[in-house]
Amino acid sequence: MITKYAYIDEFGAFGYNFENEGCSTHFIVTAIIVDENDISMVKHSVEIIRNKYFPNGEIKSSRIGKDHRKRISILNELKVLPFKIFALVCDKRKIFEQSGLRFKPSFYKFINNLAYQELRTSFSNLVITADEVGENDYLQSFAKYIREREVPLSLFDQSLFRFENSKDSLIIQVADIIAGSLAYNYDEHKKEKANGNNYISILSSKILMIKEFPQTFADFNIQQNDSNPQYNAQIADICYRKAKFFMETHKGSDELDIKQQVAVLDYLLFRFMNRSPLKYIPTQALINQLCYLGFDRMSIQAFRAKIIAKLRDSEVIISSSPNGYKIPSSEEELEDFINRGKTIILPMLSRLKKCNDIIKLGTSGGIDLFQRAEYQVLANMFKEQNN
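Residues numbered from 1 in each chain as written. Predicted model: local features only at pLDDT ≥ 70, side-chain atom pairs only at ≥ 80, totals over all residues. Heavy atoms only, no water.

Novice: Requested: an account of unusual backbone geometry, with residues and values cited.
Specialist: In the Ramachandran plot, Asn195 falls in the positive-phi region, its phi being about 55 degrees despite a non-glycine side chain. Relative to the assigned elements, Asn195 resides in the loop between helix H7 (188–191) and helix H8 (199–202). Using a relative accessible area of 63% as the deciding quantity, one classes Asn195 as exposed. Non-glycine residue Glu315 carries a positive phi angle of around 75 degrees. With respect to the element layout, Glu315 can be found in the loop between helix H12 (300–313) and strand S7 (319–321). (Helix = DSSP H or I, 4+ residues; strand = E, 2+ residues; numbered from the N terminus. Buried < 20%, exposed > 50% of the residue type's maximum accessible area, 1.4 Å probe, protein only.)

Novice: Describe the pattern of salt bridges, with residues and values.
Specialist: All chains considered together, the criterion is met by 14 salt bridges. Note that Glu77 and Lys52 form a salt bridge whose closest N and O atoms lie 2.7 Å from each other. With Glu77 in helix H3 (residues 68–78) and Lys52 in helix H1 (residues 39–53), this pair connects stretches of sequence that are 25 residues apart. In this structure, Arg241 engages Asp237 in a salt bridge whose closest nitrogen and oxygen atoms are separated by 3.0 Å. With Arg241 and Asp237 both in helix H9 (residues 233–250) and four residues apart, the pair spans about one turn of that helix. If you follow the salt bridges from partner to partner, you end up with Asp91, Arg93, Glu188 and Lys191 in one network. (Salt bridge = Lys/Arg side-chain N within 4 Å of Asp/Glu carboxyl O.)

Novice: Let's hear about the packing of helix H11 (residues 283–292) against H12: which residues, and what values?
Specialist: Across the interface, H11 lies against H12 with an axial gap of 10 Å and an inter-helix angle of 80 degrees. Between H11 and H12, the angle falls in the class roughly perpendicular. Taking contact as the criterion, the partners of Thr283, Gln284, Leu286, Ile287 and Leu290 in H11 are, on H12, Ile300, Phe303 and Arg304. Here the contact of H11 with H12 is composed, by residue class, of five nonpolar, two polar and one charged. (Axes fitted to C-alpha atoms, helices over the stretch in contact; angles between N-to-C directions. Parallel < 35°, antiparallel > 145°, perpendicular 65-115°, else oblique. Contact = heavy atoms within 4.5 Å. Nonpolar A, V, L, I, M, F, W, Y, C, P; charged D, E, K, R; others polar.)

What follows is the structure in structure tokens.
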């Protein structure tokens, strides 16, 4: 099994004086996930990018600041490298005073636990790498928290969390710029300086998951997307609520098939909420997403039968086209689903009818399969077609 490395950095700090621009409204922990076999190549490529843009120092989000053209150029060069992104985003404004999380040790411990649990349950063989030296009190607390839990969950779990001193790690510098870029989507002091740039959209192809705390399903509003003339807010709302209901009902399931369905739907919802809602996601990309989360690779046929079909059986509406799958947000996408189903269903029905007609004719009417009770639904369908 290939070991994966998670390079950790964060944006924001503890504090609740939000009127002070220096106090972030959000705390973002970002992990850059890299396969062990790709680490050398990624480091070499990041070094080239660092020398190009920061010849005298580290890649630092704070050094780029509001130079969005430079930030986007760097991100576009980084995006071609083989890594994925996990991010934990905490909206500190939604943490109640009576929750106990208004104290730094409690806050850090809670954030550490959220990040640890997501990484621990998503990957079965992972090494955590972060800069635990220096004055970063959060990463110091995270290092301590992880060390206390360096025990496999079971004898069958090959994962062992380790912490490495990585003050000069080039990939941690990638985590820094990613965390700082995501802040322009979330932090109120940063959003007003984003100049319309959507960094979640820019980084979408690299993102495995963005976990928001407190949960934001209830806060998500379906809004008109002016750039997509076919967008229908009513359709989007219906389909979103069906998907959300499945997630809320099955999120804690221990059944393998359900966990895979939840993982795929989580990604479909993420793309639905944070990217152009008219973008189909290729089947192979969804299968790859499952593999990245530690599930065994499955065939396309198994994926369609065990994941997509079962979600649809549970009333989750998923459109399909030759380009893949998505949560629909327009009549056109619903028609894509129906038309694609029609190309499969109608030829099959035609073959069934031909089979029965031939047997019926050859037996002089002695055998008419559609007269049997178990095939009555098919018989009725053919009668309606003839009418």
